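Notes for the structure review
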Amino acid sequence: MSEMKNIKNLKEFSTSADRFEGANLLCPGCAHSIIVREVLNATNDDLVLSASTGCLEVCTAVYPYTSWDASWIHIGFENSSTAVAGAETMYKALKKKGRLKQPERNPKFVSFAGDGASYDIGFQWISGCMERGHNMMHVVLDNEVYANTGGQRSSSTPIGSSATTSPAGRVSYGEKRNKKDMMSIMAAHGIPYAAQVAPNKWKDMVKKIQHGLSVEGPVFINAVSPCTTEWKFDPKDTMHITDLATDSLVFPLYEIIDGTELNITYRPKNVVPVEEYLAAQGRFKHLFKDEYKYLIKEWQERVDAKWAYLQRREESRV
Amino acid sequence: MAFDKMELRDIEVWDGNFAAAQAMRQSQIDVVAAYPITPSTPIVEGYAQFLADGYIEGEFVMVESEHAAMSGCIGAAAAGGRVATATSSQGLALMSETLYQASGMRLPIVLNLVNRALASPLNVNGDHSDMYMVRDSGWIQFDAFCPQEAYDLNLIAFRVAEDHDVRLPAIVNQDGFMTSHTAQGVHTLTDDVAYGFVGEFKPMNDMLDFEHPVTHGVQTEEDWHFEHKARQHNDLMTKVMPKIKEVFADFEKLTGRKYSPVEKYDMDDADVCVVCLGTSVETAREVAKEMRTQGIKAGVIGLRVIRPFPFFEIAEALKNVKAIAALDRSSPNGAAGMLFNEIAGSLYNTQNRALLSGYIYGLGGRDLTKAHLVSLFKELQANVDAGKVTTQLQQFIGVRGPKLAYL
C-alpha cells in the first residue's frame, strides 16, 4: 500500500510541496506546475518520475539545475511511459534478486507527458505499458495543443479551436476534428484505474491520485491543464478557466475502474453554458462571428450528449 | 542463488545467436526489454527460454517496438542494473533515436546487433548497413567474426561498458545468418567462471537509491551541450581503448583466447592487405594464405573494434604495406565507404603513402567468394607493380550487369 498524505485544507496543501520546486521556468499561470504539485503532494511514497519532452521537461530540468527532488528521467518525446516502465521492471528484478539498496522502500512510478506526447506520438508506448500491466501511473498534462513548439494542433485539440497548424482564417474556423477520447481508449485496455482530474478540484484529484497509487497495475490520469499562451487568457485566470471547464462539463470529472465501472466524481451545482467557457479564451474568439455561431450550438449539444452518456454508463454499471 | 546453474560441455555447438544468449544468461542480466526482428530474434527467445526454465533470475519485457525496447532498457539501466537487448536492421533504425539518448546519459547497456541490410528493397540477410548507420551514436562497437567471438565479446562488452570510468553503452556486432544462424563449436566457460569475469553490477547514479535522487536526461542548449558531448566524445576516444585492451588481456589470461582491436593475419611482411569486418575476415585469411603460395605477400586485417576507431593501431599495422583494399559491406550512398575513409584518415599524417582502394561487397547477403578475393589480391599486386591505383578507387564486387565503379 502507498503512504498517503493527510491534508486538511488548501493552505496546508499548497505549502506541503517538497519534491517539486516553485523555482522553474514555466509560464506564469501555467497549470502544469499546479497539477504536478498536486500529484506529488498526494503521497509520501518514494517516487521515480519521468517526463516527456515538452513544456514541463524543458522548464524544470535545465542543466545544471533541476526542480525535482526525486529521481527523474527524460528520454524523448514519446517514451516517458516506457522509461518509467523500464525503471519499474528493474525494481522488480532487483527486488526478486535481493539487491535493492533500500529494500524496505515501496516506490511509486509516475510518468508525465503532454497531450501531444500522449494522444499522438507517445500513444503506442502508453498503450504498450498499459497492456503489459506495469505498476505505474501515466499523467497527461492535457492542454489540448503542442504548446512547447508554439501551438500546433494535436489529436486532443478540440473542434473550432484555432491552432497554428489548423488556424482560423477567412474561410476556416480552425480545427475540424473532435478531441480524441483517450479515457475510453485507455479504459478499454482493462486497466485497474483511469480518471480525469482538474487542478481546481484538488481534493478530487488527490483522492484519485491516492487511489491510483494504491492499486496494482497501470493507471491513466488525464488532467486538464489550461495554457495561458495557447488558450489565450490572462495568467491570473487559470483557475477561473479551469472552473469553467469543469462546470460547463466540457471537461467532466470521472473515473473508470477496471475498464468498466464508471463513476462521475463531480457534479456542478450550476452547470455553466459551454458558450461561457469558449468566450473566455482567445483560441475560440472567431466562433462568435455570425457564420460560426452554429458551432457553439453544436459544442453544447456534444457536451450534453457526452454528459448523458457518462450518466447512463454510471447508472448501468457497465 | 535462487536459480539453477547450467552444466555446459567444454565445447558446445552453438550458433552466434545462441552463443550471445548464453553469454547474457551467464552475465545474469537484470532486465531485457526486446522486440523480435530477423535475424536477431533467437537471442531474446533463448533468453526467455532460460528464464522459463529457471536458469536465470531477472525480468524480460516483450515490448511493442524496438524504440520501446531501448526506451525500457534506458529506464531500467538508469534505475541501476545490468541491461541488454538485441536487434537488427529496421529495428535498429527505429531504435536509433534512443541510442543517442542512452550514450548521452552514459548508461552501460549492451546491444547485440545482428547485422542485416536496410530496406528498401526489403531484405532480411546480412550486410553492415545497420552497423554503419549508428556508428556515430556514441556506443562502443565490437565486431564478432564467428559464434565463439559473439560469446566472448558479450562477456567482454559488459566489463568494458560498466566500468565506472567508461560508462558507455556497447554494441556487439555479428553477421546476420552467416554468424547468427551458423552453428560451430564454441569453447565455453562455466557459469561461475563467466560471471566471475563479468563481475557484479555496480550501480552509479541509480534512480532506485532514494537517499540520493538523481536527474537523468536534462536539457542543456548552447551553454552546456557542447561540454557534455565533448566530454562524452573525449572519454570514448581516450578511456575506452585502454580499457578494452585491459579487458582483452584479462580474458586471455582466463581463457587463452587472445583478442586485439585490430586483428592482424600475416601482416609482418605483407605488401598487400585487405581490411574488413565480420565473416569476410576468415574468408580473406584463407585466400591470403593461398596467395602466399603464388608469390603475393598478402595479409588481412580484421577490425575487432569499430568504435572507438583504432586509428593508431591501424596506422601501425599498415606501416609497411604498399597497397590496401578497404572492404565495406554497406552502400555508402553518395560517399566513399566508411572503412575507406577511416583508413585514409588514419594514414594521412603518417609517412605511409600506401595505395588505397575501396570495395563495396556483399550487400543484402550476397556472398563474398574466394574467387572474388583472389582477383582482388591480384589487383592490389598490380597496383603495387604499377605504383598507382590502376582501377577506379571505388568498385563493386560481384554485382550483376555492367561493371559499376566510380571516383
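Residues numbered from 1 in each chain as written. Chains lettered and ligands numbered in written order. Predicted model: local features only at pLDDT ≥ 70, side-chain atom pairs only at ≥ 80, totals over all residues. Heavy atoms only, no water.

Under an unreviewed UniProt entry, the name given to chain B is Pyruvate:acceptor oxidoreductase alpha subunit, and the organism recorded is Sulfurimonas denitrificans.

As annotated in an unreviewed UniProt entry, chain A carries the name Pyruvate:acceptor oxidoreductase beta subunit and is attributed to Sulfurimonas denitrificans.

Comments concerning the overall build of chain A
For chain A, the count of helices and strands is 12 helices and 10 strands. Principal axes of the C-alpha set define a box for chain A whose edges measure 70 × 50 × 40 Å. Here chain A holds 318 residues, and the buried ones make up 61% of them. About 12,500 Å² of surface is accessible on chain A, with carbon and sulfur atoms providing 53% of the total. The average position of the 38 basic charges and that of the 38 acidic charges among the side chains of chain A differ by 2 Å. (Helix = DSSP H or I, 4+ residues; strand = E, 2+ residues; numbered from the N terminus. Buried < 20%, exposed > 50% of the residue type's maximum accessible area, 1.4 Å probe, protein only. Areas by Shrake-Rupley, 256 points an atom, 1.4 Å probe, with all protein chains shown as cover. Lys, Arg positive; Asp, Glu negative; His and termini not counted. Charge placed at Lys NZ, Arg CZ, Asp CG, Glu CD.)

Describing the overall build of chain B
In terms of regular secondary structure, chain B is built from 13 helices and 17 strands. Relative to the compact-globule value of 22 Å for 407 residues, chain B shows a C-alpha radius of gyration of 21 Å, a close match. For the C-alpha atoms alone, the extent of chain B along its principal axes is close to 70 × 55 × 45 Å. Per-residue burial over chain B gives 59% buried out of 407 residues. (Rg over C-alpha atoms; globule rule 2.2 N^0.38 Å.)

What about the packing of aromatic side chains?
All names here are of chain A. Counted by the stated rule, this structure contains 18 aromatic pairs over all chains. Centre to centre, the rings of tryptophan 68 and phenylalanine 112 are 6.1 Å apart; their planes meet at 40 degrees, and the pair counts as tilted. Taken together, the positions of tryptophan 68 in the loop between α3 (55–60) and β2 (71–73) and phenylalanine 112 in strand β3 (residues 108–114) put the pair 44 residues apart, joining distant regions of the chain. Note on tryptophan 68: relative accessible area 5%, which makes it buried. (Phe/Tyr/Trp six-rings, centres within 6.5 Å; stacked < 30°, edge-to-face > 60°.)

So, the domain arrangement of chain B
Residues and elements named next belong to chain B. Taken domain by domain, chain B consists of domain 1 (11–255) and domain 2 (264–406). Placing the centre of domain 1 and that of domain 2 at their C-alpha centroids yields a distance of 29 Å. Every contact between the two is made by 32 residues of domain 1 and, on the other side, 29 residues of domain 2. Between domain 1 and domain 2, the buried area comes to about 2,400 Å², and carbon and sulfur atoms account for 61% of it. Viewed at the interface, domain 2 and domain 1 are joined by three salt bridges. At the boundary of domain 1 with domain 2, the tally comes to 13 residue pairs in polar contact (both at pLDDT 80 or more). Mapped onto the side of domain 1 that touches domain 2, the elements with two or more residues apiece are α5 (129–133), β6 (140–143), α6 (147–162), β7 (170–175), α8 (225–238) and α9 (240–255). No other element matches α9, which puts five residues into the side of domain 1 that touches domain 2. Looking at the side of domain 1 that touches domain 2 residue by residue, the classes come out as 17 nonpolar, eight polar and seven charged. (Domains from an automatic or database assignment. Contact = heavy atoms within 4.5 Å. Buried area = accessible area lost by both parts, 1.4 Å probe. Salt bridge = Lys/Arg side-chain N within 4 Å of Asp/Glu carboxyl O. Polar contact = N/O pair within 3.5 Å; in protein donor to acceptor, adjacent residues only side chain to side chain. Nonpolar A, V, L, I, M, F, W, Y, C, P; charged D, E, K, R; others polar.)

Points about unusual backbone geometry
All names here are of chain B. Proline 39 follows threonine 38 through a cis peptide bond whose omega is 0 degrees. Tracing the chain through its elements places proline 39 in the loop between β2 (31–34) and α2 (41–52). Following arginine 307, the chain continues into proline 308 via a peptide bond in cis, with omega recorded as -5 degrees. Relative to the elements of secondary structure, proline 308 occurs in the loop between β13 (305–307) and α11 (311–317). Here the phi dihedral of glutamate 221 falls at roughly 60 degrees; this positive angle occurs in a residue that is not glycine. Mapping glutamate 221 onto the fold places it in the loop between β9 (215–216) and α8. Residue glutamate 221 is classed as partly exposed on the basis of its relative accessible area, which comes to 44%.

Re helix α12 (residues 293–316) of chain A
All names here are of chain A. Taking 1.5 Å per residue as the helical rise, α12 with its 24 residues ought to reach 34 Å, and the 35 Å between its terminal C-alpha atoms agrees with that figure. When α12 is considered as a whole, its buried residues turn out to be Leu295, Ile296, Trp299, Val303, Trp307, Leu310, Arg313 and Glu314. Looking at the buried positions of α12, the neighbouring elements they touch are β6 (172–173), β9 (254–257), β10 (261–264) and α11 (274–279). Positioned one or two residues after α12, arginine 317 has a phi angle of 55 degrees, which is positive. (Expected span 1.5 Å × (residues − 1).)

Observations concerning the sheet that holds β9(A)
Taken in spatial order, the nine strands make up an open sheet running β10(A)-β9(A)-β7(A)-β8(A)-β4(A)-β3(A)-β1(A)-β2(A)-β9(B), and their pairing is mixed. One side of each edge strand has no neighbouring strand; the edge strands of this open sheet are β10 of chain A together with β9 of chain B. Where strand β1 (residues 47–51) of chain A lies against β2(A), three bridges are found, and the strand directions are parallel. Along β2(A), the bridge assignment pairs Leu49(A) with Trp72(A). The strands touched by helix α4 (residues 80–97) of chain A within the sheet are β1, β2, β3 and β4 (137–142) of chain A, with β3(A) carrying the most contacts at an inclination of about 170 degrees. (Pairing = 2+ DSSP bridges. Axes fitted to C-alpha atoms, helices over the stretch in contact; angles between N-to-C directions.)

Examining the confidence of the model for chain B
Across chain B, pLDDT averages 96, with 100% of residues at or above 70. At the level of chain-chain contacts, confidence expressed as ipTM amounts to 0.96, with global pTM at 0.97. (pLDDT = per-residue confidence, 0-100.)

Observations regarding the UniProt feature "domain: Thiamine pyrophosphate enzyme TPP-binding" (unreviewed entry) in chain A
Here the UniProt-annotated "domain: Thiamine pyrophosphate enzyme TPP-binding" (unreviewed entry) positions come out as residues 53–222 of chain A. The straight-line gap between the two end C-alpha atoms of residues 53–222 of chain A is 17 Å; of that span, 35% is helix and 17% is strand. (UniProt positions renumbered as here; feature names shortened; annotations may be inferred.)

Quick look at the interface of chain A and chain B
Counting residues at the interface gives 45 residues for chain A, matched by 47 residues for chain B. Interface of chain A and chain B: buried area, both sides summed, is about 3,700 Å²; carbon and sulfur atoms make up 58% of it. Among the residues chain A hides against chain B, the three largest losses belong to Tyr63(A), Met90(A) and Lys97(A). Together they make up 18% of the total. At the junction of chain A with chain B, the criterion picks out seven salt bridges. Linking Glu64(B) and Arg132(A) is a salt bridge whose minimum nitrogen-to-oxygen distance equals 2.9 Å. Counting every contact that joins chain A to chain B gives 26 residue pairs in polar contact (both at pLDDT 80 or more). It is α4(A) that provides the largest number of residues to the side of chain A that touches chain B, a total of 12 residues. Across two bridges, β2(A) lies against β9(B) in parallel orientation. Within β9(B), the residue paired with Trp72(A) across the bridge is Thr215(B).

A few points about the sheet that holds strand β14 (residues 323–328) of chain B
Residue and element names in this part refer to chain B. What the seven strands build is an open sheet, ordered β10-β12-β11-β14-β15-β16-β17; its pairing is mixed. Only two strands of the sheet have a single partner each, and these edge strands are β10 (262–265) and β17 (405–406). Strand direction decides the pairing type here: strand β16 (residues 394–396) and β17, joined by two bridges, are antiparallel. Counted as the bridge partner of glutamine 394 is tyrosine 406 from β17. Helix α13 (residues 370–386) contacts β11 (272–276), β12 (298–303), β14, β15 (355–360) and β16 of the sheet and is inclined by roughly 130 degrees relative to β11.

A look at the environment of Glu291(A)
Along the chain, Glu291(A) falls in the loop between α11 and α12. In sequence terms Glu291(A) and Tyr173(A) are 118 residues apart; their C-alpha atoms lie 9.6 Å from each other.

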